[in-house]
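Examining the three-dimensional arrangement
For reference, the chains in residue letters:
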Amino acid sequence: MASVSFRGVYKRYPGDVVAVKNLNIEVADKEFLVLVGPSGCGKTTSLRMLAGLEEISEGEILIGDRVVNNIAPKDRDIAMVFQSYALYPHMTVYENMAFGLRLRRVPRDEIDRRVRETAKSLMIDQLLDRKPRQLSGGQRQRVAVGRAIVREPQVFLMDEPLSNLDAKLRVEARAFISKLHQRLGTTFIYVTHDQVEAMTMGTRIAVMNAGELQQIDTPQNLYDHPANVFVAGFIGSPSMNFFENSRLVEEDGKLYVLTQSYKIPVPEKRYERYRDHVGQEVIFGIRPESIHDSHYTPPSIQPAYVEANVDVVEQMGNEKILYLEENGKTFIARVDPRTDVHVGQRIQVVMDVLNMHLFDVKTQKAL
């Protein structure tokens, strides 16, 4: 088992293309860290540099206390699960799982023990004689994970291993990998563009954008306290609503956010934090789940009542998603499924201002 450190890591390509810029991350031993961000943000490149599949342009990567910049991939004591699974089509499941151990000249009896024990734990022991083309997507995914497990590495690296599965299988596979991490007690570093995967699996999440680390924290802290507009918009589904061209004002000793359509009171406990920004233009943010139908408002919220026109209604069974419009601005509310509304109706909704977020217009950082 081992910790992992990225210290001032850069990845540059010809033509002044910087794929990863000054990446600094400390991954604790036995931690499950998720690298998340949109396509092209540098997360897979970071993982490949750790695996030794990409050269490091600048900085250091450590596994445990050992700098691995110039160590061959096979000597880094890591195992990687790829998006494509990368199974050998001409080999059986058993042979795929045993292949890496044979290259390391592990004794035959030890190989057989590890493969069969791992296959049983992954519930693929009945598939050992099959070839990849005879397996479903979920079974191939388990074989790819099993091939990594039998090596008993210090660090597991996973590059979007669930992206080829359908929605139902992805949910099952998320739980499977989380349980696997708990059972093995090994360091996991997992790459995904799916923030739901990140939120449900990671001990901590590192959010990346345009090659730079935006924020690293626990899933709940990322959700509750996003560091900037990008993190606030990326974490959470549906995404946070942003009301730009807003202004923070003070009237009779009280603070308000003036959007183009609404006057939103600021909770008193935020006064000290926001008072230095009175008179400034801000971005007002609020999550869809913090906007409620006025007939089904939960207790203990601090309400701001606003009206809007219903553009779209999505019935989800356990909730309704409302696309609301006011003065050309569309925003989303997640409301109680009993909410009785129809397209074209004008309704009153309640914003819970205890969950409001304000961001600086120039820096995009949270106030």
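The sections below set out a description of the structure shown in this document. Given the structure is predicted, the values throughout are model-derived calculations rather than measurements.

Rules and cut-offs
Residues numbered from 1 in each chain as written. Predicted model: local features only at pLDDT ≥ 70, side-chain atom pairs only at ≥ 80, totals over all residues. Heavy atoms only, no water. Helix = DSSP H or I, 4+ residues; strand = E, 2+ residues; numbered from the N terminus. Buried < 20%, exposed > 50% of the residue type's maximum accessible area, 1.4 Å probe, protein only. Areas by Shrake-Rupley, 256 points an atom, 1.4 Å probe, with all protein chains shown as cover. Lys, Arg positive; Asp, Glu negative; His and termini not counted. Charge placed at Lys NZ, Arg CZ, Asp CG, Glu CD. Salt bridge = Lys/Arg side-chain N within 4 Å of Asp/Glu carboxyl O. Core = buried A, V, L, I, M, F, W, Y, C linked by side-chain atoms within 4.5 Å. Contact = heavy atoms within 4.5 Å. Pairing = 2+ DSSP bridges. Expected span 1.5 Å × (residues − 1). Polar contact = N/O pair within 3.5 Å; in protein donor to acceptor, adjacent residues only side chain to side chain. 1 Å grid on protein atoms, 1.4 Å probe; cavity = no way out; pocket = protein on both sides within 12 Å on 5 of 7 lines; lining within 4 Å. Points joined across faces, edges and corners; volume = space filled by probe spheres on them. Nonpolar A, V, L, I, M, F, W, Y, C, P; charged D, E, K, R; others polar. Phe/Tyr/Trp six-rings, centres within 6.5 Å; stacked < 30°, edge-to-face > 60°.

**Things to note about the overall build of the chain**
Tallying secondary structure elements over the chain gives nine helices and 20 strands in all. Oriented by its inertia axes, the alpha-carbon framework of the chain measures out at about 80 × 45 × 40 Å. Counting every position in the chain, which comprises 367 residues, the buried fraction comes to 49%. Of the roughly 17,600 Å² of accessible surface on the chain, a fraction of 46% belongs to carbon and sulfur atoms. Across the chain, the mean location of the 46 positive side-chain charges is 8 Å away from that of the 48 negative side-chain charges.

**A closer look at the pattern of salt bridges**
For side chains of opposite charge, pairing can occur when their charged atoms come near one another. Enumeration over the complete set of coordinates arrives at 19 salt bridges. Across the pair arginine 346 and glutamate 326 runs a salt bridge whose closest N-O atoms are separated by 2.9 Å. Of the two residues, arginine 346 is situated in strand β19 (residues 346–352) and glutamate 326 in strand β17 (residues 320–326); the sequence distance between them amounts to 20 residues. Judged by its relative accessible area of 41%, arginine 346 is partly exposed.

**A few points about the nonpolar core**
Counting residues in each nonpolar core, the largest one holds 45 residues, and the members touching the most others are Met97, Val115, Ile177 and Tyr190. If sequence neighbours within four positions are ignored, methionine 97 has contacts with Val115, Thr118, Ala119, Ile124, Leu128, Val143, Gly146, Arg147 and Val150. Core analysis: the next-biggest nonpolar cluster, separate from the first, contains 30 residues, Tyr271, Ala308, Val335 and Val353 among them.

**Some remarks on the pairing of strand β4 (residues 58–63)**
In the sheet, strand β1 (residues 4–13) pairs with β4 via five bridges, with the strands oriented antiparallel. Considered in β4, the bridge of serine 5 is made with leucine 62. The pairing of β4 with strand β5 (residues 66–67) spans two bridges and is antiparallel. Bridge pairing in β5 links isoleucine 63 to arginine 66.

**So, helix α5 (residues 167–184)**
When the terminal C-alpha atoms of α5 are compared, their 26 Å separation across 18 residues agrees well with the 26 Å that a helix rising 1.5 Å per residue should span. Every buried residue belonging to α5 is among Ala173, Arg174, Phe176, Ile177, Ser178, Leu180 and His181, and all of these are buried. N-cap assignment for α5: the residue whose side-chain oxygen lies 3.2 Å from the backbone N of lysine 168 is aspartate 166. The first or second residue beyond α5 is glycine 185, which carries a positive phi of 60 degrees.

**What to know about the layout of surface pockets**
For the largest pocket, the calculated volume is near 470 Å³. Broken down by element, the lining of the largest pocket gets its largest block of residues, six residues, from helix α2 (residues 93–103). A per-class count over the lining of the largest pocket returns 15 nonpolar, two polar and four charged. Considering only enclosed or pocket space, the second largest pocket measures out at about 330 Å³ in volume. Lining the second largest pocket are 18 residues, with Asp224, His225, Arg270, Met356 and His357 positioned closest to its centre. Looking at the lining of the second largest pocket residue by residue, the class counts come to eight nonpolar, four polar and six charged.

**Some thoughts on the packing of aromatic side chains**
Considering all chains together, one arrives at nine aromatic pairs under this definition. Pairing phenylalanine 243 with phenylalanine 284 gives two aromatic rings, centres 5.5 Å apart and planes at 40 degrees, and the pair type is tilted. With a gap of 41 residues between them, phenylalanine 243 in strand β11 (residues 241–251) and phenylalanine 284 in strand β14 (residues 281–286) connect regions that are remote in the sequence. Phenylalanine 284 matches phenylalanine 243 in its accessibility class, with the two residues each being buried.

**So, the pairing of strand β3 (residues 32–36)**
Across the five residues of β3, five count as buried, placing the element largely inside the fold. Going residue by residue along β3, you find Phe32, Val34 and Val36 tucked away on one face and Leu33 and Leu35 tucked away on the opposite face as well. In terms of strand pairing, β3 meets strand β8 (residues 187–192) through five bridges, oriented parallel. Within the sheet, the bridge partner assigned to valine 34 lies in β8 and is tyrosine 190. Inspection of the sheet shows β3 paired to strand β9 (residues 204–209) by four bridges, in the parallel sense. From the neighbouring strand, valine 36 faces β9, where its bridge partner is valine 207.

**Side note on the side chain of arginine 174**
With respect to the helices, strands and loops of the structure, arginine 174 is situated in helix α5. Among buried Asp, Glu, Lys and Arg side chains, arginine 174 stands out as unpaired, with aspartate 194 the closest opposite charge at 5.5 Å.

**Let's talk about unusual backbone geometry**
The amide bond that connects serine 237 to the next residue, proline 238, takes the cis arrangement and shows omega of -5 degrees. Note on placement: proline 238 falls in the loop between α8 (229–234) and β11. The phi angle at asparagine 327 is positive, at roughly 55 degrees, despite the residue not being glycine. Inspection of the secondary structure assignment puts asparagine 327 in the loop between β17 and β18 (329–335). One non-glycine residue, glutamine 364, lies in the positive phi region at around 65 degrees. Checked against the element boundaries, glutamine 364 lands in the segment after β20 (357–360).

As far as function goes, none of this settles anything; it's purely spatial.
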